[in-house]
Amino acid sequence: MVADWRSDEFYGQRREELASRVGPRRFAHSLGVAETAAKLARRYGADERAARVAGLLHDWDKGYDDPGILARADELGMELTDELAAMPRVLHGLTAAVALGRQFPELPPEVLTAVERHTLGEVDMGDLDMILYIADALEPGRKGKKVEKLRARVDELELRELFLEVYAYWVQLIMERRHPVYSRTTEIWNSYMPEQEVYHAEANPDPIPYGRP
Ligand SMILES: [Fe+2]
Ligand SMILES: [Fe+2]
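Residues numbered from 1 in each chain as written. Chains lettered and ligands numbered in written order. Predicted model: local features only at pLDDT ≥ 70, side-chain atom pairs only at ≥ 80, totals over all residues. Heavy atoms only, no water.

- An unreviewed UniProt entry lists the chain under the name bis(5'-nucleosyl)-tetraphosphatase (symmetrical), from Adlercreutzia wanghongyangiae.
- Regarding the chain, the relevant UniProt record gives this comment under Catalytic activity (unreviewed entry): "P(1),P(4)-bis(5'-adenosyl) tetraphosphate + H2O = 2 ADP + 2 H(+)". (UniProt positions renumbered as here; feature names shortened; annotations may be inferred.)

Have a look at this one:
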């Protein structure tokens, strides 16, 4: 019988399994992401349970070391570009989405997609994708002044604008930590620019509207 992925039983079982897949710090982080994602879903009118489940599962494969995650991708039959094969730290989202989808086919595609996109982002992120991405960066275990500032803006910003704030922060952090930047980052960022212009226009209405005499 297929378990109902919305049930507390499903959640409790995955939670227990996760505890044996990752270390205690990562486990606490995952619970923090699950709760933060659920709160964001409530705030932005998305599916709260889907957000909580995606939060719990997003780092399902984070327990693998670099050679381990490459072997995992291979085992799952995933074909990695040379670039991604050289960035093993970001692969856990991609492998987790594939592995979870096979092990728990009852999980809805939007949960798997959010898990898949939580490390690198993507163009056209859906609400749940953005919620998980934000929750991963802002859960209570994440410390720092910038994180505090972003957290304080949750009530004030629309989801897409908050996502862009967090994405910009995260890319900056990657550079500061001297990690490689994914080659599609610029493409992903640029894909959100028209929306960003709309937000700016809403925040700062043009005093001389075009097209008026
Ligand atoms: Fe992750
Ligand atoms: Fe995470």
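Read on for the rest.
## Some thoughts on the UniProt feature "domain: HD" (unreviewed entry) in the chain
- Those residues carrying the UniProt feature "domain: HD" (unreviewed entry) are residues 26–141 in this numbering.
- The span residues 26–141 shows a helical share of 66% and a strand share of 0%, and its end C-alpha atoms are spaced 10 Å apart. (Helix = DSSP H or I, 4+ residues; strand = E, 2+ residues; numbered from the N terminus.)

## Here we look at the coordination of the iron ion (ligand 1)
- Within the protein, the atoms that donate to the iron ion (ligand 1) are D59 (OD), H92 (NE2) and H118 (NE2), at distances of 2.1 Å.
- Taken in chain order, the donor set of the iron ion (ligand 1) reads D-x32-H-x25-H.
- A spacing of 3.4 Å is found between the iron ion (ligand 1) and the iron ion (ligand 2), which share D59 as a donor. Residue H92 is found in helix α6 (residues 91–103), and its partner H118 is found in the loop between α7 (109–117) and α8 (127–138); the two are separated by 26 residues along the sequence.
- Classification of H92 by relative accessible area gives buried; the value is 5%. (Donors = N, O, S within 2.8 Å, 3.2 Å for Na, K, Ca; no water. Buried < 20%, exposed > 50% of the residue type's maximum accessible area, 1.4 Å probe, protein only.)

## A short note on the pattern of salt bridges
- Across all of its chains, the model carries 15 salt bridges by this definition.
- In this structure, R26 and D59 form a salt bridge, with 2.9 Å as the shortest nitrogen-oxygen distance. One end of the pair, R26, is in helix α2 (residues 24–44); the other, D59, is in the loop between α3 (48–57) and α4 (66–75), and 33 residues separate them in sequence.
- Judged by relative accessible area, R26 falls into the partly exposed class, the value being 27%. (Salt bridge = Lys/Arg side-chain N within 4 Å of Asp/Glu carboxyl O.)

## Examining the nonpolar core
- L100, L107 and F163 are the most contacted members of the largest nonpolar core, which totals 67 residues.
- No other element matches the ten residues that helix α10 (residues 159–176) contributes to this core.
- Sequence-distant contacts of L100, that is, excluding residues within four places in its chain, are made with L57, W60, P105, L107, L112 and V115. (Core = buried A, V, L, I, M, F, W, Y, C linked by side-chain atoms within 4.5 Å. Contact = heavy atoms within 4.5 Å.)

## Let's talk about the coordination of the iron ion (ligand 2)
- All of the protein donors around the iron ion (ligand 2) are H29 (NE2), H58 (NE2), D59 (OD) and D136 (OD); their distances to the metal are 2.2 to 2.3 Å.
- Coordination at the iron ion (ligand 2) is irregular, judged from the four donor atoms that bind it and the angles of 79 to 172° they form at the metal.
- Positions of the donor residues of the iron ion (ligand 2) along the chain correspond to the pattern H-x28-H-D-x76-D. (Tetrahedral: all angles 85-135°; square planar, octahedral: opposite > 155°, others 65-115°.)

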